[in-house]
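Survey of secondary and tertiary structure
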Amino acid sequence: MDAFTTLTGVAAPLPLANVDTDKIIPARFLKTIKRSGLGVHLFDTLRYDANGAERPEFVLNQEPYRHAEILIAHENFGCGSSREHAPWALLDFGIRCVIAPDFADIFHTNTFKNGILPIKLSREICDQLMDDAKLGGNARITVDLAEQVIVRPNGEKIPFEIDPFRKHLLLNGLDDIGQTLQHAPAIDSYEAKLRDEKAWMPAIHVD
Amino acid sequence: MARTLFDKVWDAHVVERLQDGTCVLYIDRHLVHEVTSPQAFEGLRMAGRKLRRPDAHIAVVDHNIPTSDRSLGIAEEESRIQVETLETNVAAFGVPYFGLNDARQGIVHIIGPEQGLSLPGMTIVCGDSHTSTHGAMGSLAFGIGTSEVEHVMATQTLLQKPAKNMLVDVRGALPPGCTGKDLVLAIIGQIGTAGGTGHVIEYAGEAIRALDMAGRMTVCNMSIEAGARAGMIAPDETTFEYVRGKPFAPKGEALEQAIAYWRTLPSDAGAVYDKVVVVDATKIAPMVTWGTNPEAVLPITAVVPNPADEADEAKRVQLQRMVDYMALTPGQKLTDLKIDVVFIGSCTNGRIEDIRAAATVAKGRKVAAGVRALVVPGSGIVKQQAEVEGLDRILLDAGFEWREPGCSMCLGMNPDKLTPGQRSASTSNRNFEGRQGPGGRTHLVSPAMAAAAAVTGHLADVREIV
Ligand code: SF4
């Protein structure tokens, strides 16, 4: 997983509440065997018409938002299914940070597990950032995770909260697995004890 | 301090407790299938990681495969690719695997207990919510997402916080004609689809003790439909008897050691639960779902409810939507509902006991005209056993289809699907809109009730037939 330190980039405004995982990536794209390649289908029904042509009015079909790395939305972002295709699609498109008043639980966990930073800020501040984002072109927004601030194009700094454990993982590019592997000695000794105390537990070998 | 069954299994698997209460939890057994594993293997590959303990995993194909003759391979391309991908992955990472042509192939939650791979006191996970089935063994078994699948493969652990304890105490004995399926449907009807949220349910009481392992698995299977993280039943003599002689189960001295340990697992007297629900088994009748979630369930003797009777506006709208989707008329007798398709199978009711129950009703009768009735054994072993007992002949003679093992019509992901508007009596676990195919209308029932629907052509009270 890539570390997340500071990110300066284009932010796309998506002034919608209850954006569910089916909107982020419709269920018909779930039979894939890869986690990459889903970016072209991100927001598929909002982004393309029935013939597969781009809807010019949708934000991610416009310059400079085609290159957005930050997404700003309204309440309850990511509600719906637990499948991880939603964060995979965002990441594959290039989104590393989503800012919204709140997020659905499982989606919130899944973003962290995939190296995306979800930031919860009040609706009022989200709307201010949304206005910044609408300036387009040079209106770049900076997200500084170490300092826990967002820097607006006018230089104003907006602080945000984040779970210290999750912050540590993101800053160091540790996924949960990398983090758990730091406990490998403890797992080793647990397994040694297991072989001893639960010798009855069968190992699986199939011919 | 007095501990519950869940507390004991949890405590025995904590490798390390982190500051915020998150635990590094050791996982004894991981079950792998073709749908939720490809991206996990891809993740391992991208990070250059291996499986920490290949001998703790077992892979099988079930969701996507056809249940007709499979000697010609899988016709549907995306399904074939998922199966082939699993085969490449298990070979590359050294994962034990029951392939499509192995007699031991079957639904992941059927083969675990059947092979002696799921045992009491274990932690068992799988990228599938119905992993709760294995809790019937007295294990802690729950479904996980794809990132967690990868996490278990790489570390043999998960990062988890403990769930809360909930006791479902089932008093009295089930009346004749009622099974584990009727019991669990009644429980979900009583506590609701969110009744178990945040909890691990322990099922206890006279009616649970009296269930055989198949019935217990049916009950635990549907814990997830009550929103619970997992369901568990304390191991007892019934459990030990079931385990004895299973292919991968410990034998001889090792088994005696294991049983001695398993006897320490039941909840201590005085253990405290965060939530307790008492269910009166004697009041239960054969159950059938009428709506589009498992909570919308009634005894077969009931009539379709009238949404107008519901005071709460949001609920009224939801009930009305269910009545409309299911094409019902309030006040209509459930036994008047004509059935197009009967599906007997799935990880809820695809075991040999379920097929025996269906065959008992089918024997000497005929599937009603215009009804398509499928019987899909949960595994190759179940299929073999049924054929040894001659159950396939009874069912075929009655006009049922006798198919190859797999998830089949439990979910619309393989060729066995309802077509729009078709009404089914199904022994599976989910009656959501479109679950068995777009526009399909599902009524969840026990295997005997499903067979009764097949031979009468409508939802029927099995007690009036046999
Ligand atoms: S039978 Fe149904 S519920 Fe069970 S694993 Fe297969 S699809 Fe899931």
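Let us look at the structure shown here.

Using the criterion set out here, one finds 9 aromatic pairs over all chains in the structure. Each ring, one from F77 of chain A and one from F103 of chain A, has its centre 6.3 Å from the other, and the planes form 80°; the classification is edge-to-face. Placement of the pair is F77 of chain A in the loop between β3 (70-73) and α3 (85-93) and F103 of chain A in the loop between β4 (97-100) and α4 (105-113), with a sequence separation of 26 residues. Overall, F77 of chain A belongs to the buried group, its relative accessible area being 0%. Summarising the aromatic geometry, the rings of W200 of chain A and W262 of chain B are spaced 5.3 Å apart at their centres and angled 85° between planes, so their arrangement reads as edge-to-face. Of this pair, W200 of chain A sits in the segment after α8 (184-197) while W262 of chain B sits in helix α10 (residues 252-262), each in a different chain. Overall, the relative accessible area of 4% leaves W200 of chain A in the buried class. Taken together, the ring pairs in this structure connect W200 of chain A together with F240, Y261 and W262 of chain B into an aromatic cluster. The positively charged end of K246 of chain B is found above the aromatic ring belonging to Y242 of chain B, 4.1 Å away from the centroid.

As a further point, take the site of the ligand. Surrounding the ligand, one finds H63, I107, H109, D128, H130, S346, C347, C407, C410, L411, N429 and R435 of chain B. Residue composition of the shell around the ligand, by class: 5 nonpolar, 5 polar and 2 charged.

All names here are of chain B. Evaluation of the coordinates by the stated rule reveals 37 salt bridges over all chains. Here R216 and D236 are joined by a salt bridge, their closest N and O atoms 2.9 Å apart. Pair noted here: R216 is in helix α8 (residues 213-221) and D236 is in the loop between β11 (230-232) and α9 (237-243), with a separation of 20 residues, a long-range link. Judged by its relative accessible area of 0%, R216 is buried. Overall, D236 belongs to the buried group, its relative accessible area being 16%. K383 serves as the salt-bridge partner of E404, at 3.2 Å between the closest nitrogen and oxygen. Taken together, the positions of E404 in the loop between β17 (401-402) and β18 (423-426) and K383 in helix α14 (residues 380-388) put the pair 21 residues apart, joining distant regions of the chain. Using a relative accessible area of 15% as the deciding quantity, one classes K383 as buried.

Okay, the environment of N293 of chain B next. All names here are of chain B. For N293, the location among the structural elements is in the loop between β13 (287-289) and β14 (297-299). Here N293 falls in the buried class, since its relative accessible area comes to 13%. Here the alpha-carbon distance between N293 and G180, two residues 113 residues apart in the chain, equals 18 Å. Among all residues touching N293, those that are not within four sequence positions of it are T193, Q318, M322, N431 and F432. At a separation of 2.9 Å, a polar atom in the side chain of N293 contacts the main-chain amide nitrogen of E295.

What follows covers the pairing of strand β4 (residues 57-60) of chain B. Residue and element names in this part refer to chain B. Neither face of β4 is open: one carries H57 and A59, the other I58 and V60, and all of them are buried. The pairing of strand β3 (residues 29-32) with β4 spans 3 bridges and is parallel. The residue of β4 that forms the bridge with V32 is A59. One ladder, built from 2 bridges, connects β4 with strand β5 (residues 97-98); its direction is parallel.

Turning our eyes to something else, we now look at α8 of chain A. Over its 14 residues, α8 of chain A extends 20 Å from the first C-alpha to the last, a length consistent with the 20 Å expected when each residue adds 1.5 Å. When we look at burial in α8 of chain A, the residues that qualify are I187, Y190, E191 and L194 of chain A. Burial along α8 of chain A is one-sided: seen end-on, the buried residues are contained in an arc of 100°. Away from the buried face of α8 of chain A by more than 90 degrees, exposed residues P185 and D196 of chain A are located. Its buried side turned inward, α8 of chain A meets α7 (176-181) of chain A together with β1 (14-17), β2 (23-26), α5 (146-155) and β8 (157-160) of chain B.

Excluding glycine, a negative phi dihedral is what most residues carry, and trans is how most peptide bonds are arranged. All names here are of chain A. Going from E63 to P64, the amide bond is cis rather than trans, its omega being -5°. Along the polypeptide, P64 turns up in the loop between α2 (44-47) and β3. In the Ramachandran plot, Q148 falls in the positive-phi region, its phi being about 55° despite a non-glycine side chain. Tracing the backbone through its elements, the reader meets Q148 in the loop between β6 (141-144) and β7 (149-151).

Before going further, it helps to examine the interface of chain B and chain A. Between chain B and chain A, the contact holds 58 residues from the first and 34 residues from the second. Residues R49 of chain B and D175 of chain A are paired through a salt bridge, measuring 3.1 Å at the closest nitrogen-oxygen approach. The interface formed by chain B and chain A holds 16 residue pairs in polar contact (both at pLDDT 80 or more) in total. Per-element accounting of the side of chain B that touches chain A gives the leading share, 7 residues, to α5 of chain B. Classifying every residue of the side of chain B that touches chain A by side-chain character gives 27 nonpolar, 18 polar and 13 charged.

Residues and elements named next belong to chain B. Residue placement: N349 occurs in helix α12 (residues 346-349). With relative accessibility at 2%, the residue N349 sits in the buried group. Engagement of the side chain of N349 in a polar contact is seen with the side chain of K181, the distance being 2.9 Å. Of note is the side chain of N349, whose polar atom sits 3.0 Å from the side chain of D354. For N349, the residues in contact, after removing those within four places along its chain, are K181, T218, D354, T427, V445 and P447.

All names here are of chain B. Membership of the largest hydrophobic core comes to 105 residues, with the highest contact counts inside it found for F41, L140, V168, V170, L183, Y203 and W262. Ranked by the residues each element gives to this core, the list is headed by helix α6 (residues 180-191), at 7 residues. Non-local contacts of F41, meaning those with residues more than four positions away in its chain, are made with V32, L51, L86, N89, F93, V95 and M153. In terms of nonpolar packing, the next biggest core, distinct from the first, is built from 56 residues, V342, I352, V371 and L459 among them.

The next thing to look at is the packing of α6 of chain B against α8 of chain B. All names here are of chain B. Running from N to C, α6 and α8 point in directions that differ by 25°, and their axes come no closer than 8 Å. Considered as vectors, α6 and α8 are oriented roughly parallel to each other. When you trace α6 past α8, the crossing you get is right-handed. Taken together, the residues of α8 that come into contact with α6 (itself represented by G180, K181, L183 and V184) are G215, T218 and V219. Across the contact of α6 with α8, the residue classes tally to 3 nonpolar, 3 polar and 1 charged.

About the cut-offs
Residues numbered from 1 in each chain as written. Chains lettered and ligands numbered in written order. Predicted model: local features only at pLDDT ≥ 70, side-chain atom pairs only at ≥ 80, totals over all residues. Heavy atoms only, no water. Phe/Tyr/Trp six-rings, centres within 6.5 Å; stacked < 30°, edge-to-face > 60°. Helix = DSSP H or I, 4+ residues; strand = E, 2+ residues; numbered from the N terminus. Buried < 20%, exposed > 50% of the residue type's maximum accessible area, 1.4 Å probe, protein only. Lys NZ or Arg CZ within 6 Å of the ring centre and 35° of its normal. Near = heavy atom within 4 Å. Nonpolar A, V, L, I, M, F, W, Y, C, P; charged D, E, K, R; others polar. Salt bridge = Lys/Arg side-chain N within 4 Å of Asp/Glu carboxyl O. Contact = heavy atoms within 4.5 Å. Polar contact = N/O pair within 3.5 Å; in protein donor to acceptor, adjacent residues only side chain to side chain. Pairing = 2+ DSSP bridges. Expected span 1.5 Å × (residues − 1). Arc of directions from axis to C-beta. Core = buried A, V, L, I, M, F, W, Y, C linked by side-chain atoms within 4.5 Å. Axes fitted to C-alpha atoms, helices over the stretch in contact; angles between N-to-C directions. Parallel < 35°, antiparallel > 145°, perpendicular 65-115°, else oblique. Left-handed = near helix turned anticlockwise from the far one by under 90°.

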